Amino acid sequence: MSVDINISPRELRLLARKGEFVEPTSGYCPGYAQANLIILPKEEAYDFLLFAQRNPKACPLLEVTDVGSRMTKFTATDCDIATDFPKYRIYRDGVLTEEVTDISEYWQDDFVAFIIGCSFSFESEMIDAGIEIRHNTEGRNVPMYMTGIDCVPAGKFSGKMVVSMRPINPKQLVKTVTVTAQLPKVHGSPIHIGDPAQIGIKDINKPEFGDAVTINPGEVPVFWPCGVTPQSIVMNVKPKLAITHAPGYMLVLDVKNVDLKE
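The shown structure was predicted, so the numbers you read here are calculated from the model rather than taken from an experiment.

Visitor: What exactly am I supposed to notice about unusual backbone geometry here?
Guide: Phi is mostly negative for residues that are not glycine, and the peptide bonds are mostly trans. The phi dihedral of His 187 is positive, around 90 degrees, even though this residue is not glycine. Secondary-structure assignment places His 187 in the loop between helix H5 (173-181) and strand S8 (192-193). For Lys 238, which is not a glycine, the phi torsion comes out positive at approximately 60 degrees. By the element assignment, Lys 238 lies in the loop between helix H6 (229-237) and strand S10 (241-245). Assessed through its relative accessible area of 47%, Lys 238 is described here as partly exposed.

Visitor: Would you mind showing me how to read the pattern of salt bridges here?
Guide: Working definition: two side chains of opposite charge can pair if their charged atoms are close together. Using the criterion set out here, one finds 15 salt bridges in the structure. One salt bridge connects Glu 219 with Arg 134, and the closest N-O pair in it is separated by 2.6 Å. Remark: Arg 134 occurs in helix H4 (residues 134-137) and Glu 219 occurs in the loop between S8 and strand S9 (220-225); sequence separation between them is 85 residues. Taking the relative accessible area as the measure of exposure, Arg 134 reaches 4% and is therefore buried. Bridged by salt links that share partners, the residues Arg 10, Arg 17, Asp 78 and Asp 84 form one connected network.

Visitor: Would you explain the packing of aromatic side chains in this entry?
Guide: Both the distance between ring centres and the angle between the ring planes are used here to describe each pair of aromatic rings. If you walk through the whole model with that rule in mind, you get eight aromatic pairs. Ring plane angle 75 degrees and centroid distance 6.2 Å describe the contact between Tyr 145 and Phe 223, whose orientation is recorded as edge-to-face. Here the residue Tyr 145 occupies a position in strand S6 (residues 144-150), and Phe 223 occupies one in strand S9, the gap between them amounting to 78 residues. The buried category is assigned to Tyr 145, whose relative accessible area is 0%. By relative accessible area, which is 0% here, Phe 223 ends up buried. One aromatic cluster is present, built from ring pairs that chain together Phe 48, Phe 51, Phe 114 and Phe 157. Between the NZ or CZ atom of Arg 166 and the centre of the ring of Trp 224, over which it lies, the distance is 5.1 Å.

Here is what the cut-offs are and how they apply
- Residues numbered from 1 in each chain as written.
- Predicted model: local features only at pLDDT ≥ 70, side-chain atom pairs only at ≥ 80, totals over all residues.
- Heavy atoms only, no water.
- Helix = DSSP H or I, 4+ residues; strand = E, 2+ residues; numbered from the N terminus.
- Buried < 20%, exposed > 50% of the residue type's maximum accessible area, 1.4 Å probe, protein only.
- Salt bridge = Lys/Arg side-chain N within 4 Å of Asp/Glu carboxyl O.
- Phe/Tyr/Trp six-rings, centres within 6.5 Å; stacked < 30°, edge-to-face > 60°.
- Lys NZ or Arg CZ within 6 Å of the ring centre and 35° of its normal.

See the structure below:
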C-alpha cells in the first residue's frame, strides 16, 4: 500500500503492527528519530549493555526495556517491540534463520530489548540543509558494509563495526559533518570519509546489507557507524538466540531529532 512519508510515527507503527507496512523506513516521518533493535535473553543482557556503553558511536542506546516487557516506556507510546518494526531477523547460534514481520510467537519472558539510535534519523536534517540522500532518490535501502574496524569487546561480545554510506558532493562535506555531529545519539559525525579500502571495505558496489547506490564522478563516499553492528557481533560470537530488526526496516519513535541534539 502507498504510505504518505509525512505520516505520524504512531500511525506508521500501527501499519507495521498490522503487517500493512513492510519496507525500509528511510524518509518516513521526517524530523523523528528512528531506531535499531537487538533482543537477547537476560543472562546475556548485561554483557551487551556494557558493549553498547563501550561502543557509543555504533550502538548509541536510546532505551533498554524491562525484562520480559514488549512495550517501550520512554521513546514511544503504545509501542510493541514484537510487532512495530516492519521486519525482524531471527539469529540462532549466529546464523540468520528467518525474516518475519511479527516476533510475538518467538517472545520469551526473559527477553531484554535494546533500542539503538539510527542514522536514518538525521537524514531529514541533511535534506533540510540541501544535501541529497541518494538511496532515497533511487528508491533503495541504504548501503551498509562490514568493516575491518574492531569494536571494543565487553564480556562475550566482540567483532567488527558495520557502517552505512552516503555519497556526498565535496563542497558539502563540511556541512554534512556539522549537521550529523549535532546528533550523537543517532551515530553523530562520520567515522570515515573517502577511500573505503582504508576501513576494510572490499567492494563499495557490493554492500553486505541494503542496496548499492550510484556514486557520481567526483562524489565522496562518507561512512557512519551503523546500528546493524550488533548483527555483526551476533554472527561473530554466536549466541544461542538473538532477534534484531532487518537492516533498514527501523522503528520510528515519538522522539524528535531536535530533542536529541547536543
